[in-house]
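Survey of secondary and tertiary structure
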There are 2 protein chains.
Amino acid sequence: MKERNDTVITCGSMSSVSPIPSYSPAAPPLPTPSQFSFSVASTRWSSRPPFQAANLFLRSLTLVFSFGSSLSLAAPSPAKTMFGKSPSFYNNTNLLYCFIVNILTFLYAAYQLFKGICDIAHKGVFISDAVSDYTSFIFDQLAGYLLISSSSVAVPVIQQMDHSTSLWKAATVSVCMSFAVFLIIAISALLSGYKFCKRIIW
Amino acid sequence: MKERNDTVITCGSMSSVSPIPSYSPAAPPLPTPSQFSFSVASTRWSSRPPFQAANLFLRSLTLVFSFGSSLSLAAPSPAKTMFGKSPSFYNNTNLLYCFIVNILTFLYAAYQLFKGICDIAHKGVFISDAVSDYTSFIFDQLAGYLLISSSSVAVPVIQQMDHSTSLWKAATVSVCMSFAVFLIIAISALLSGYKFCKRIIW
């Protein structure tokens, strides 16, 4: 009877040990991109917190600067044009292009920030990780190229403009912020490209 | 005795079961990337030929189009300006910017093509693979952003220009080719980014 008790105890100890690594059998159903799901899961979970923090920080910076860039163009112009005193950015296609790109970047940054916060609050509810990596990669690349294009186009417009108008100041601030957004999006694109590559390779 | 055998069997079955989820305890040592030098080597060698062929093709396309873009701006202008008939692109900073970026892209494409041919002829003599991956990644990103910026800047200049001048035709051809170079460089940047990520991850 004692021996049987011993064996029972050992069996019990084994079954009590097994729950400790039992989080890893729970890992395979999580993301499983390819055959090496176990290594992916462990690598991704370990590398996630710094990535998420950096991502959220960059997205919030993008949100702030793109909002500032759009606002500085939009805010002074309509009030002045009502009295017909200062030209509005609506009349200049290049500044309008810059404005639209910044608005789109703002919306995209808002979506990314919302998704990031959803991921922290309750993981994987809003959108799947795979789809998110693909879309982030594509849209970061697109946003980077559009931002550098629109900012570059606005620079000669500012040079030709009358420096005394309020639109000149607004456009200068807007373009500076737009360049800042471009730099932040370029770094975001590197991060999302790295995540995308990791998903492809594994 | 029978009962004791049973308990032994159950313990044995548990220990024989335990290897089945044992890939999960084996997971933690896996992600340490540096040890798996063999997997790196095998993957890199197997993925090399298609990469090299695609790379050479893209680099030669870049070379041709960036040369065409620079030539179409430079060729008609000096001959006409000697007689003071048509404005040169030298006088327009935006077109000059487009010209300089295309010349730089041409030189970079020539270097990449030369390196690619050197790699095929006798591997690894010209420059080491690691340095090449890093520089290619950085310069492809830079070239992509510079090209889209310079092409975008040139578009409003063309719109404002007199359509009857030879410079207008030259600039239009140049900008179209510059956009083509941008698209090719963007694809090259994706490929070099993928190679760069592979080198970082492993």
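Residues numbered from 1 in each chain as written. Chains lettered and ligands numbered in written order. Predicted model: local features only at pLDDT ≥ 70, side-chain atom pairs only at ≥ 80, totals over all residues. Heavy atoms only, no water.

Our working definition: UniProt positions are given in the numbering used here, feature names are shortened, and annotations may be inferred rather than shown by experiment.
In the annotation of an unreviewed UniProt entry, the entry for chain A reads CASP-like protein, and the organism field reads Forsythia ovata. Among the UniProt annotations of chain A, the heading Sequence similarities (unreviewed entry) holds the following wording: "Belongs to the Casparian strip membrane proteins (CASP) family."

Some remarks on the pattern of salt bridges
Residue and element names in this part refer to chain A. Put simply, the rule reads: Salt bridge, as applied in this entry: a Lys or Arg side-chain nitrogen positioned within 4 Å of an Asp or Glu carboxyl oxygen. Note on conventions: DSSP H or I runs of at least 4 residues are helices, E runs of at least 2 residues are strands, and numbering of each starts at the N terminus. We call a residue buried when its accessible area falls under 20% of the maximum for its residue type, exposed when it is over 50%, and partly exposed in between, using a 1.4 Å probe and counting protein chains only.
One pass over the full model with this rule turns up eight salt bridges over all chains. Across the pair K115 and D119 runs a salt bridge whose closest N-O atoms are separated by 2.6 Å. Of this pair, K115 and D119 both sit in helix α4 (residues 93–121), four residues apart, which is roughly one turn of the helix. In this structure, D133 engages R199 in a salt bridge whose closest nitrogen and oxygen atoms are separated by 2.8 Å. With D133 in helix α5 (residues 129–160) and R199 in helix α6 (residues 166–201), the pair connects residues that are 66 residues apart, well separated along the chain. As far as burial versus exposure is concerned, D133 and R199 are alike and both buried.

As for the UniProt feature "transmembrane region" (unreviewed entry) in chain A
UniProt's feature table lists "transmembrane region" (unreviewed entry) at residues 94–114 and 170–191 of chain A, given in the numbering used throughout. The span residues 94–114 of chain A shows a helical share of 100% and a strand share of 0%, and its end C-alpha atoms are spaced 30 Å apart.

Observations regarding the packing of aromatic side chains
As a reminder, the rule being used: Any two rings among Phe, Tyr and Trp, with Trp reduced to its six-membered ring, count as a pair given centres within 6.5 Å; such a pair is stacked if its planes are under 30 degrees apart, edge-to-face if over 60, and tilted if neither.
All told, the structure shown has 13 aromatic pairs over all chains when counted by the stated rule. For the ring pair Y108(A) and F139(A), a centre distance of 5.9 Å and an interplane angle of 45 degrees mean the geometry is tilted. Of this pair, Y108(A) sits in helix α4 while F139(A) sits in helix α5, and the two are 31 residues apart along the sequence. Pairing F137(B) with F196(B) gives two aromatic rings, centres 4.2 Å apart and planes at 5 degrees, and the pair type is stacked. Pair noted here: F137(B) is in helix α5 (residues 129–160) and F196(B) is in helix α6 (residues 166–201), with a separation of 59 residues, a long-range link. F137(B) gets classed as buried once you look at its relative accessible area, which sits at 12%. The class of F196(B) is buried, set by a relative accessible area of 13%. Through a chain of ring-to-ring contacts, three or more aromatic side chains come together here, namely Y145(A), F182(A), Y145(B) and F182(B).

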